[in-house]
Amino acid sequence: MAELQTPAAQTPATPAPAPAPQPPQKKKKKRNIKKIVTRVIGGAVAVAVIGGVAFGMNKFLFTEPEQTILDDMVQRGSIQSMVEGYGYVNAQNSASIVLGTGGTVQEVFVQNGDFVNEGDPLYTIDASAAYESINEAQKVLNDALDGVTAAQKTVSDHQEQIQKIRDSYSELEVRAPFAGKLLDVENITENSTVSAGTKIATLVDDSQMRLSVYVNYAYQYDIAEGQTARVSIPSAMSDVDALVEKINMVRYITPEGSQCFEVVLLLRNPGSLTAGMGASAVFTSAAGEPIYPYSAGTLEYSRTSDIVTKATGDALMIDLINYIDVAEGQLLLQLSDDTKADQISDLEDQVRSAQESVTRAQESVTKAQENLTKAEEGLENYNAVAPISGTVLSCPLVPGEKVADNTTAIVIADTSVMTVQLNVDERQISSVELGMEVTLSDWDGNTYFGTVTDKALTGTQENGAVTYPVTVQVDNSDGSLMNQGSLNYSFVASQVDDCIMVPIQSVKRISGADGEPVSVVFVKTDVRPDNAIELPPDTPGVPTEEEGYYAVPVETGISDTYNVEIKSDLEVGLTIFTSYTTTDQTGGYGGGLMIG
């Protein structure tokens, strides 16, 4: 902001004391003679009608008022911006005792206004109703626990049934347990019903054959497992190599009385061998001599299994043919059972219903436990002692009288320290800091000093305004502050020392050359300042340059009730316009005319 300038030619080297400011001369306006004549004529007519009263009214109503400028000076000083409002007083620490179940008052040891220490006896009340409440709450809890157990068992039973049915789905598929050939196939037609336990085929593994022969014990040390032998099958006119799979040291007695042990041979089937064929074997001793069994044997399949259904159902797919080769896991028969799906759906509905029952039962348990705990804790309230040290604020108990359920038996508060809850506007909350001092006052003019102990970080919006709760702690050791009372508060939001300031009403908001509002101060000076701005013609309520006042733009800072800080350059001691006051020609003063 440009500094108010004074021509150098008029500025002496050493400033001389300024002459005392002279009050501005009132400017008398010329009266319109034509109007006066008209008024006189009208007055004369009125005299004929109502007499001298009309003349006085004419003078009062038709005399034009005159305006007088009120001014002030630019000063240097300090400004404090204050935040003010009101809040409610509460004891910082209080406690109340509520009777969950009513009873008859037996004794009361305190009265309103008494000071009690923590642990002091307060009263006694017949607790028989409280014991009944505890017993009833325990019964309800036990029933609720039983309900949970029953509902959980129902869920478990239904889930087990569902799992069994799902497991049985796999039994509707009949598959080959190993690779081999089907024999003795049952004649099953499509859509025919097959019962569980039905033998539908025999599966044999004929890729290898077994031969069991008996050898004299004289050769027990000449034959060992893994040893090779030569097997001859006369009916197939073939000789194949075999391995000793197993030796069983049994005692087979021949008709001649010889003792033999069993040797089991495993041989690969070239494709022409089948069970029941006769075969003989020849072993070779370590010395290279042949060893012959007592007699020939009969070929058997290396593995045989009967294929039996495990579930009942209608045949959908059938792959059962005598003597067909099948792979391990190959599907031989597919059954269907629509009732299983319906059973699972019904059981799943029952599980959901049972689970809801479990949830409700658990909620009942939780509520019953809470009621039991409340009843047990409430028992202490029938022979109560002071939970805190403080003053008894309320105790409506009277010996011999009955009290109802949920009655507040006593209220105790430690009133030595009180708290005041303030709601500070969002525009001022940034100036509130923990530990800062707040001035408080009551309706009687008593003053207290409090300290900010808490400031909320989340505001509350109401009717478009946002406020933030602030807690102030106040010492009340003298007991002068009453619980639930109200106090006015104020604190310094900001302060500027040794600043240039002017009265608040001296700063005017006018429209600048570009139409935007500008804050200005009208300065009285003999020479137009360099930074003075032109005003739009006929700007109302402000002095004109002809009257010696010039509009100088200013930058404002904080303000209090009376003054506002001027941040831009403005010379201390300058005379500035504040407002107009009006007077009529009878000497009476009208209201001041101000714009802001």
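Refer to the structure presented above.
Computed from a predicted structure; not experimentally measured.

### Comments concerning the overall build of the protein
When helices and strands are counted, the protein shows 4 helices and 32 strands. Per-residue burial over the protein gives 35% buried out of 596 residues. Look at the contacts in the protein between residues 6 or more apart in sequence, and 73% of them connect residues 24 or more apart. Looking at the protein as shown, the accessible area adds up to about 35300 Å², and 49% of this sits on carbon and sulfur atoms.

### With respect to the packing of aromatic side chains
Within the structure shown, the criterion is met by 8 aromatic pairs. Both rings, one in Tyr489 and one in Phe491, keep their centres 6.2 Å apart while their planes meet at 15 degrees; by these two values the pair is stacked. There is no split in this pair, since Tyr489 and Phe491 are both buried. Ring-pair connections join several aromatic residues into one group, and the members of that group are Phe522, Tyr549, Phe577 and Tyr580. The ring of Tyr217 carries Arg251 above its face, with NZ or CZ at 5.0 Å from the centroid. Above the ring of Phe178, the side-chain terminus of Arg303 is found at 4.0 Å from the ring centroid.

### Re a nonpolar patch on the surface
Side chains of Val250, Tyr252 and Tyr294 sit close together on the surface and give an oily, nonpolar patch of about 230 Å² of accessible area. Position of Val250 relative to the elements: it lies in strand S11 (residues 238-253). You can call Val250 partly exposed: its relative accessible area is 34%.

### Quick word on the pattern of salt bridges
Summed over all chains, the structure comprises 13 salt bridges. Here Arg76 makes a salt bridge to Asp498, at a shortest N to O gap of 3.7 Å. Of this pair, Arg76 sits in strand S2 (residues 75-99) while Asp498 sits in strand S26 (residues 486-503), and the two are 422 residues apart along the sequence. Judged by relative accessible area, Arg76 falls into the partly exposed class, the value being 44%. A relative accessible area of 53% places Asp498 in the exposed class. The partner of Arg352 in a salt bridge is Asp349, and the shortest N-O contact between them spans 2.2 Å. Residue Arg352 and its partner Asp349 are located together in helix H4 (residues 338-379), separated by 3 residues, close to a single helical turn.

### Section: the sheet that holds strand S8 (residues 193-194)
What the 4 strands build is an open sheet, ordered S6-S18-S16-S8; its pairing is antiparallel. Looking at the sheet topology across the chains shown, the edges are occupied by strand S6 (173-175) and S8. Across 2 bridges, the pairing between S8 and strand S16 (residues 313-318) is antiparallel. Residue Val194 lies in a different strand from S16, and its bridge partner there is Gly313.

### Brief notes about the pairing of strand S18 (residues 331-336)
By the bridge criterion, 3 bridges tie S6 to S18 in an arrangement that is antiparallel. Counted as the bridge partner of Val174 is Leu333 from S18. Across 4 bridges, S16 lies against S18 in antiparallel orientation. Residue Asp314 lies in a different strand from S18, and its bridge partner there is Ser336.

### Observations concerning unusual backbone geometry
Phi is positive for Asn463, close to 55 degrees, though the residue is something other than glycine. Relative to the helices and strands, Asn463 is located in the loop between strand S24 (460-462) and strand S25 (465-475). When its relative accessible area of 79% is taken as the criterion, Asn463 is described as exposed. Phi is positive for Asp498, which is not a glycine, with a value near 50 degrees.

### Concerning the nonpolar core
In terms of nonpolar packing, the biggest core is built from 27 residues, with Leu211, Ile223, Val231, Val263, Leu265, Phe283 and Leu299 touching the most fellow members. Those elements giving two or more residues to this core turn out to be strand S9 (199-216), strand S10 (228-233), S11, strand S12 (259-268), strand S13 (278-284) and strand S15 (297-308). By residue number, the principal contributor to this core is S9, which donates 5 residues. Among all residues touching Val263, those that are not within four sequence positions of it are Leu211, Ser212, Val213, Val215, Ile223, Val244, Lys246 and Phe283.

### A few points about the pairing of S10
The two faces of S10 differ: Ala229, Val231 and Ile233 on one face are buried, but Thr228, Arg230 and Ser232 on the other face are not. Bridging between S10 and S11 involves 6 bridges; their strand directions are antiparallel. Across the sheet, Ile233 pairs through a bridge with Ser238, a residue of S11. With antiparallel pairing between neighbouring strands as the criterion, S10 and S11 make up a hairpin whose turn holds 4 residues, including Met237 at a positive phi of roughly 50 degrees. Sheet analysis places S10 next to S13, joined by 3 bridges and oriented antiparallel. What sits directly across from Arg230, in S13, is Val282.

Thresholds applied
Residues numbered from 1 in each chain as written. Predicted model: local features only at pLDDT ≥ 70, side-chain atom pairs only at ≥ 80, totals over all residues. Heavy atoms only, no water. Helix = DSSP H or I, 4+ residues; strand = E, 2+ residues; numbered from the N terminus. Buried < 20%, exposed > 50% of the residue type's maximum accessible area, 1.4 Å probe, protein only. Contact = heavy atoms within 4.5 Å. Areas by Shrake-Rupley, 256 points an atom, 1.4 Å probe, with all protein chains shown as cover. Phe/Tyr/Trp six-rings, centres within 6.5 Å; stacked < 30°, edge-to-face > 60°. Lys NZ or Arg CZ within 6 Å of the ring centre and 35° of its normal. Patch = residues over 30% accessible without salt bridge, like charges linked within 9 Å, V, L, I, M, F, W, Y side chains within 5 Å. Salt bridge = Lys/Arg side-chain N within 4 Å of Asp/Glu carboxyl O. Pairing = 2+ DSSP bridges. Core = buried A, V, L, I, M, F, W, Y, C linked by side-chain atoms within 4.5 Å.

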